[in-house]
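The chain contents come next:
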Amino acid sequence: MSREGIVLLGAWGQGNLGDEAILEGMLWALRDYPVTVLSRGPVGPRAVLWKHPAQMLGALGKSRVLLLGGGTLLQDQTSRRSLWFYVGVSTLAKLLGSRVMVFAGGIGPLRHRTSRRLTRWFLERVADDIALRTHADGRALEELGVKKAFTVTSDAAFLAPFWSLQTPQTESLDTGKQVFCPRFGEPVPPEVLQDPSLWTVLPLGKNDAKTRLKGASYASVTTPLEAWNTLQQAQKV
């Protein structure tokens, strides 16, 4: 069977602002490739919904690579079922002949021993390549005892072109600039502001970002330019 295309697996189609921004960045960066998005809800014409397992199986069987992420999917704080789902689908892709990459992903929190064991097994035995979103995720991977090499990149949302954003009240937010919202009010890393002409920094908490912004990512990152390292790494896979 001829294998082509890329499958994206993440928390898409669930109304989460940051996740949808991540998907937008990944789709823009991979716009020259045939891409299928596995999602819970509709996110465009290239989506295959989780509720259609036969279609998901068909997409996995034809893909060359599955990208898990971006975003923090390897965690059990939301639920242990979600962790098992993402690991299970990724493992199935590997068994069907696809390569698997953790793409700008996060690690933890993993509160249960079985979750930690499952995640360590997945990262060591299933993932062909690992690109993490932050240095904190790298430390979490090392604390799990994973010996495989990994790369720290950035939030995949920054792969997208600069957004022109407006608040729901139609107040302009520096049209043409990227908007960076620190997660939970964290201080902004100085290296993020490499070029002030391209950035607007809004020190909003998570809830404020969700209610006041459309299309902004509020994830903590290292430097936005490092997001391109993730794409280059994926092309090697």
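Rules used in this analysis
- Starting afresh in each chain, residues are numbered from 1 along the sequence in its written order.
- Only residues with pLDDT of at least 70 are given local features in this predicted model, and only at 80 or more are side-chain atom pairs given and counted; all residues enter the totals for whole chains, interfaces and linings.
- Side-chain measures were taken over the full set of non-hydrogen atoms in the model, leaving aside hydrogen atoms and water.
- Burial classes: relative accessible area under 20% of the type maximum marks a residue as buried, over 50% as exposed, and values in between as partly exposed (1.4 Å probe, protein chains only).
- Comment: elements are numbered from the N terminus, with helices defined as DSSP H or I runs of at least four residues and strands as E runs of at least two.
- The directions considered for the arc are those from the helix axis to the C-beta atoms.
- The contact criterion used is simple: two residues touch if any of their non-hydrogen atoms lie within 4.5 Å.
- Within this scheme, the nonpolar core is defined by two criteria: the residues are buried Ala, Val, Leu, Ile, Met, Phe, Trp, Tyr or Cys, and they are joined through side-chain atoms within 4.5 Å.
- Strand pairing requires that DSSP identify at least two bridges connecting the strands.

## Things to note about helix α5 (residues 135–143)
Those residues of α5 that fall on the buried side of the exposure criterion are Asp137, Gly138, Ala140 and Leu141. With its buried residues spanning 160 degrees around the axis, α5 presents them on a single face. Summarising the contacts, the buried residues of α5 are in contact with β6 (99–107), α4 (113–126) and β7 (129–132). A positive backbone phi angle near 90 degrees is found at Gly145, which sits one or two residues after α5.

## A closer look at the nonpolar core
In terms of nonpolar packing, the biggest core is built from 32 residues, with Leu38, Leu66, Leu68, Leu74, Ile107, Phe122 and Leu123 touching the most fellow members. Here the element with the most residues in this core is helix α3 (residues 80–95); it accounts for five residues. Look past the residues within four positions of Phe122 in its chain and what remains in contact with it is Leu68, Leu74, Val87, Ser90, Thr91, Val100, Val102 and Ala127. Counting 21 residues, the second largest nonpolar core, distinct from the first, contains Trp12, Ile22, Val65 and Ala156.

## Some points on the pairing of strand β1 (residues 6–9)
Here β1 shows no split at all, with Ile6 and Leu8 on one side and Val7 and Leu9 on the other all buried. In the sheet, β1 pairs with strand β2 (residues 35–39) via four bridges, with the strands oriented parallel. Across the sheet, the residue bridging to Ile6 is Val35, located in β2. Taken together, the four bridges between β1 and strand β4 (residues 65–68) define a ladder with parallel strand orientation. Of the residues in β4, the one forming a bridge with Ile6 is Val65.

## Examining the environment of Ala127
Looking at where Ala127 falls in the secondary structure, it is placed in the loop between α4 and β7. Each C-alpha atom, one on Ala127 and one on Lys148, is 9.5 Å from the other, the two residues being 21 residues apart in sequence. In this view, Ala127 contacts Val100, Val102, Phe122 and Lys148; residues no more than four positions away in its chain are not counted.

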